[in-house]
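What follows is each chain in one-letter form.
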Amino acid sequence: MLSSCSGSLNMVRSLFSSVLALCLMMFSVLSPASAAHALGGPLPPLNQPAPEFSLPSNISDRAISLKDYRGKWVVAYFYPKDFTSGCTLEAQRFQADLPKYLSKNTQILGISVDSVDSHVEFCDSEGLKFPLLADEDGAVSKAYGAWLAPMSLRNTYIVDPTGVLRATFTGVRPVIHSAEVLQKLDELQQVG
């Protein structure tokens, strides 16, 4: 009986998390966001050093830091929750386009409040070959203006090889987002 109740409670929690993530996604898509302040708080300024971070990941026993990727472009994408439909679609699109990113000297980093264990399961389930970082307390999400407690918003940031923030995406639509990011990377790399 106890395990049946525990299983039901976990199912309700999972359903609640999925519904909340869907509501947040719809709200962020339908809400206009200004360039300086988005739904999740103040955005870091463009053409300034990106906020540094160091977080545990699914691929290493040591924390992964933004500075580990100096000399490469970085696409840091924040998302609400592993295993939800929009987040899964977004991750699948980044994975499908991973060879294009690699050819552009670009590292993809996914960031959410999920645990490292959840990230391991999500990557195994979806065949993801890029790191997912565990921002369990939301501190990095807050620094990037991508926080709406209790989870990260679907925002993406492009950081250049010197650590400078070059582009911000809010109100992301998972189905086309990777293509948008690749287009912006092309523009940025042609200029710089």
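Report on the accompanying structure. (Residues numbered from 1 in each chain as written. Predicted model: local features only at pLDDT ≥ 70, side-chain atom pairs only at ≥ 80, totals over all residues. Heavy atoms only, no water.)

### As for the packing of aromatic side chains
Applied cut-off: Any two of the Phe, Tyr and Trp rings considered here, Trp counted by its six-membered ring, make a pair once their centres fall within 6.5 Å; the pair's planes then place it as stacked at under 30 degrees, edge-to-face at over 60, or tilted in between. Under the scheme used here, helices are H or I runs from DSSP no shorter than 4 residues and strands are E runs no shorter than 2 residues, and both carry numbers assigned from the N terminus. Partly exposed residues are those whose accessible area sits between 20% and 50% of the maximum for their type, while under 20% is buried and over 50% is exposed, using a 1.4 Å probe and protein chains only.
Counted by the stated rule, this structure contains ten aromatic pairs. Each ring, one from tyrosine 77 and one from phenylalanine 130, has its centre 6.1 Å from the other, and the planes form 65 degrees; the classification is edge-to-face. Separated by 53 residues along the polypeptide, tyrosine 77 in strand β5 (residues 73-78) and phenylalanine 130 in the loop between α4 (116-126) and β7 (132-134) bring together distant segments of the chain. The exposure class assigned to tyrosine 77 is buried, which follows from its relative accessible area of 0%. Phenylalanine 130 gets classed as buried once you look at its relative accessible area, which sits at 1%. Every member of this aromatic cluster is reached through a ring pair, and the members are Tyr77, Tyr79, Phe83, Phe94, Tyr101, Phe122 and Phe130.

### Concerning unusual backbone geometry
Following alanine 149, the chain continues to proline 150 via a peptide bond in cis, the omega torsion being 15 degrees. One can find proline 150 in the loop between β8 (147-148) and β9 (151-152). In this structure, asparagine 47 is a non-glycine residue whose phi angle is positive, near 60 degrees. Along the chain, asparagine 47 turns up in the loop between β2 (41-42) and β3 (54-55).

### Let's talk about the sheet that holds β7
Operational definition: The rule for pairing is simple: two strands pair if DSSP sees at least two bridges between them. The convention used is that axes are lines fitted to C-alpha atoms, helices contributing only their stretch in contact, and that angles between N-to-C directions extend from 0 to 180 degrees.
Across the sheet, which stays open at both edges, the five strands sit in the order β7-β6-β5-β10-β11 with mixed pairing between neighbours. The open sheet has two edge strands, β7 and β11 (165-169), and neither has a second partner. Each adjacent strand pair in this sheet contributes to an overall mean axis angle of 20 degrees, direction not counted. Relative to β11, strand β10 (residues 156-159) is paired through four bridges, and the arrangement is antiparallel. Note that in β11 the partner of threonine 156 across the bridge is phenylalanine 169.

### Some thoughts on the packing of helix α2 (residues 85-96) against helix α6 (residues 174-191)
Cut-off, in case you're wondering: Oblique is the label for any angle not under 35 degrees, not over 145, and not in the 65 to 115 range, which are roughly parallel, roughly antiparallel and roughly perpendicular in turn. By the definition used in this description, the sense in which the near helix is turned from the far one sets the handedness, with an anticlockwise turn below a right angle giving left-handed and a clockwise turn giving right-handed. Here, residues are in contact when the closest pair of their heavy atoms is within 4.5 Å. Throughout this entry, Asp, Glu, Lys and Arg are counted as charged residues, while Ala, Val, Leu, Ile, Met, Phe, Trp, Tyr, Cys and Pro are counted as nonpolar. The remaining residues, Gly among them, count as polar.
Between α2 and α6, whose axes approach to 8 Å, the crossing angle comes to 30 degrees. Here α2 is positioned roughly parallel relative to α6, judged by the angle of their axes. Here α2 runs over α6; the crossing is right-handed. Packed against α2, whose contacting residues are Gly86, Leu89, Glu90, Arg93 and Phe94, the element α6 presents Pro174, Val175, His177, Ser178 and Val181 at the interface. Of the residues that constitute the contact of α2 with α6, the class distribution is five nonpolar, three polar and two charged.

### Things to note about the environment of glutamate 136
Looking at where glutamate 136 falls in the secondary structure, it is placed in the loop between β7 and α5 (139-143). Given the relative accessible area of 51%, glutamate 136 is considered exposed. Taking the C-alpha atoms as reference, glutamate 136 lies 9.1 Å from valine 116; in sequence the two are 20 residues apart. Once residues lying within four places of it in the same chain are set aside, the contact partners of glutamate 136 are Val113, Asp114 and Ser115.

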